[in-house]
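One-letter residues, chain by chain:
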Amino acid sequence: MASTTHVAIVICQKTSALRIICRRISSAVHPQTQVDFLNGAPHRKHPGVTNLKTLRLPEQLQRAAQSIVLGAQIKGLSDRAQSLTQYLWSRKRPVEDLNLRKRAKSLEKLVLENAKERREAIDGDYVKMKVLSELKRTTYNWTPVRFDEELGVVYMAARLAGGYTAVRRALNEILVRDPSFAPQSLLDFGSGLGTAVWASHSCWGDTLKEMVCVDSSGPMNVLAERLLKDDDEKAAPHIKQVYFRQFLPVSPKVQFDLVVGAFSLSELASQKERVETLFTLWRKTSSYLVLVENGTKEGHQILMEARDTLLKAQEQTSLDSRTASVFAPCPHEMTCPKLARFPAVPCNFHQHFHPLPLPGSPVRQTETFSYVILSRSDPIEAAAGPRWARLVAPVLRRPRHVHCHTCSPDGQLHHTVVTRKKHGRDVYRCARSSDWGDQLPIIQQEEAGPLSDSE
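Computed from a predicted model, the values in this text were never measured in an experiment.

A short note on the pairing of strand β5 (residues 285-294)
Then, number 1: Counting buried positions over the ten residues of β5 gives ten, a clear majority of the element.
Then, number 2: As for the winding sense of the linkage, the β-α-β connection from strand β4 (residues 256-262) through helix α10 (residues 271-283) to β5 is right-handed.
Then, number 3: Alignment of β5 against strand β8 (residues 365-377), held across seven bridges, turns out to be antiparallel. By the bridge assignment, Tyr288 is partnered in β8 with Ser375.

What follows is the structure in structure tokens.
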């Protein structure tokens with residue numbers, strides 16, 4: 001019996017020694033540089049983590065919003081809020097005049113060919129009527145949203161918490177990755193209820209000395225001011241130095257450290273107007289331009305249009321010689337690989353939040369949004385440091401391996417199966433701790449294959 005015990009002890013000792021040797025071999029295969037990216041942080045808080053826990057509106061904002069919404073006593077508020085949310089989510093860009101004319105000519109040709117096949121005699125009025133009827137049936141009828149006070153309150157009930165959540169999550173990218181950034185001025189274009197002011201204040205607090213909100217709707221500006229004053233005209237605003245305007249100042253002489261345009265480019269009437277507004281916003285940007293839209297294909301395409309416009313047309317922003325570079329979420333400045341796929345799919349992200357506590361509202365909701373952040377920087381500064389891959393789908397955690405779908409610095413979508421053996425202990429544990437929207441330190445990217453259209 002003693003002999004058997006001795007043999008077991010010897011086997012255990014040899015097994016332990018073998019494990020130590022294997023770990024050392026693994027360390028030699030995966031260089032120490034992989035460990036350096038943690039900077040002493042635990043794996044669950046590695047530098048690529050930018051997701052937030054379930055967000056809640058700031059206490060003062062939530063209290064003021066509840067007071068305004070409940071005090072308005074709007075009949076059928078819950079149903080109206082839901083209908084407005086669905087309407088805003090399904091909105092598309094206006095059809096450009098040139099595309100409309102091309103479509104009309106194509107329809108006219110089709111009507112004439114059909115009449116010729118049937119040997120029918122038709123006049124010009126009949127062709128015109130058929131073309132207009134088909135255009136009306138198949139063309140998206142875009143109209144601007146006109147907010148009065150009542151619709152503004154419905155919008156508050158429907159979108160205040162969701163809008164705040166999307167902007168706060170986008171700003172967290174800057175807060176985490178550029179901790180030295182301390183903005184003193186903010187310009188919020190299409191400010192609506194002022195959610196960008198509250199989100200910025202929650203990130204940088206009193207470092208912000210001047211915040212300018214621009215919205216063409218007077219009633220929305222009034223509601224935003226009531227929210228700042230806790231729904232009390234005589235009270236001092238909770239966040240000071242906030243100024244409201246109805247028109248965007250065109251002069252490029254005054255720049256702002258942070259410029260935000262949330263759910264606003266999609267409300268402009270034409271591509272020409274979007275481009276002109278975009279260049280105006282960029283001229284007024286000193287450090288970061290943050291653009292946020294719905295996480296739909298339409299919203300994502302608007303953002304990619306804006307991103308590519310600023311990257312390719314630097315000559316129109318010559319008053320500030322610093323070029324535009326993509327800060328987030330893209331790890332590259334090439335064509336978005338999701339737009340290049342067929343059919344194109346939106347690049348979007350999710351953030352959980354607690355909605356405004358109103359009768360019948362759920363405890364928790366999820367905001368689906370797309371965003372892009374552009375920074376002004378010298379080319380040398382922009383190129384400094386490695387770019388990590390971005391997780392663009394939910395992480396699938398399995399025993400001893402993790403499935404990660406990423407957009408990578410090579411401009412391709414990749415499906416990487418991360419294991420301890422292939423990628424090292426630190427990368428593997430970081431992958432298990434990461435989620436959709438985070439960055440991932442995949443160093444051996446060549447091991448991952450590009451995604452096919454079916455994945």
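As for the nonpolar core
Then, number 1: Met156, Ile174, Leu227, Leu258, Val290 and Val292 are the most contacted members of the largest nonpolar core, which has 68 residues in total.
Then, number 2: Examining the composition of this core, we find that 15 residues originate from one element, helix α7 (residues 149-177), more than from any other.
Then, number 3: For Val290, the contacting residues outside a window of four places in its chain are Ala170, Leu171, Ile174, Leu258, Val259, Val260, Gly261, Val372 and Ile373.
Then, number 4: Ranked by size, the runner-up nonpolar core spans 28 residues in total, among them Val214, Val259, Leu268 and Val326.

Considerations on the confidence of the model for the protein chain
Then, number 1: Mean pLDDT over the protein chain stands at 85; residues scoring 70 or higher make up 86%.
Then, number 2: Low pLDDT, under 50, characterises residues 14-35; the predicted model gives this stretch twelve contacts beyond four residues in sequence or across chains.
Then, number 3: Counted against residues more than four places away or in other chains, residues 443-448, with its pLDDT under 50, gives 15 contacts.

What about the layout of surface pockets?
Then, number 1: For the largest pocket, the calculated volume is near 1,100 Å³.
Then, number 2: Taken together, 49 residues make up the lining of the largest pocket; nearest its centre are Gly190, Asp215, Phe263, Ser264 and Glu267.
Then, number 3: Here the residues of the lining of the largest pocket are counted per class, giving 22 nonpolar, 15 polar and twelve charged.

Let's talk about helix α11 (residues 297-312)
Then, number 1: With 16 residues, α11 should cover 22 Å at 1.5 Å per step; its first-to-last C-alpha distance of 22 Å lies within 8% of that length.
Then, number 2: Of all 16 residues in α11, twelve are buried; the element is thus mostly enclosed.
Then, number 3: Buried residues of α11: Glu298, Gly299, His300, Ile302, Leu303, Met304, Glu305, Ala306, Arg307, Thr309, Leu310 and Leu311, and no others.
Then, number 4: Along its buried surface, α11 packs onto α10, β5, β6 (323-328), α12 (337-340) and β8.

Looking at the environment of Ala72
Then, number 1: Looking at the element boundaries, Ala72 is found in helix α3 (residues 59-72).
Then, number 2: Residue classification places Ala72 among the partly exposed positions, given a relative accessible area of 36%.

Quick word on empty space enclosed by the protein
Then, number 1: If you walk through the whole model with that rule in mind, you get two cavities of 30 Å³ or more.
Then, number 2: The computed volume of the largest cavity comes to approximately 110 Å³.
Then, number 3: Together, 14 residues line the largest cavity, and His300, Pro329, Cys330, Cys336 and Cys347 are the ones closest to its centre.
Then, number 4: Tallied by class, the residues present in the lining of the largest cavity amount to eleven nonpolar, two polar and one charged.
Then, number 5: Each pocket or cavity is described by its volume, and for the second largest cavity that value is around 40 Å³.
Then, number 6: Along the walls of the second largest cavity sit Leu265, Arg274, Val275, Leu278, Ile302, Glu305, Ala306 and Thr309, which together make up its complete lining.

Each value, and the rule that gives it
Residues numbered from 1 in each chain as written. Predicted model: local features only at pLDDT ≥ 70, side-chain atom pairs only at ≥ 80, totals over all residues. Heavy atoms only, no water. Buried < 20%, exposed > 50% of the residue type's maximum accessible area, 1.4 Å probe, protein only. Helix = DSSP H or I, 4+ residues; strand = E, 2+ residues; numbered from the N terminus. Right-handed = clockwise from strand over helix to strand, strands pointing away. Pairing = 2+ DSSP bridges. Core = buried A, V, L, I, M, F, W, Y, C linked by side-chain atoms within 4.5 Å. Contact = heavy atoms within 4.5 Å. pLDDT = per-residue confidence, 0-100. 1 Å grid on protein atoms, 1.4 Å probe; cavity = no way out; pocket = protein on both sides within 12 Å on 5 of 7 lines; lining within 4 Å. Points joined across faces, edges and corners; volume = space filled by probe spheres on them. Nonpolar A, V, L, I, M, F, W, Y, C, P; charged D, E, K, R; others polar. Expected span 1.5 Å × (residues − 1).

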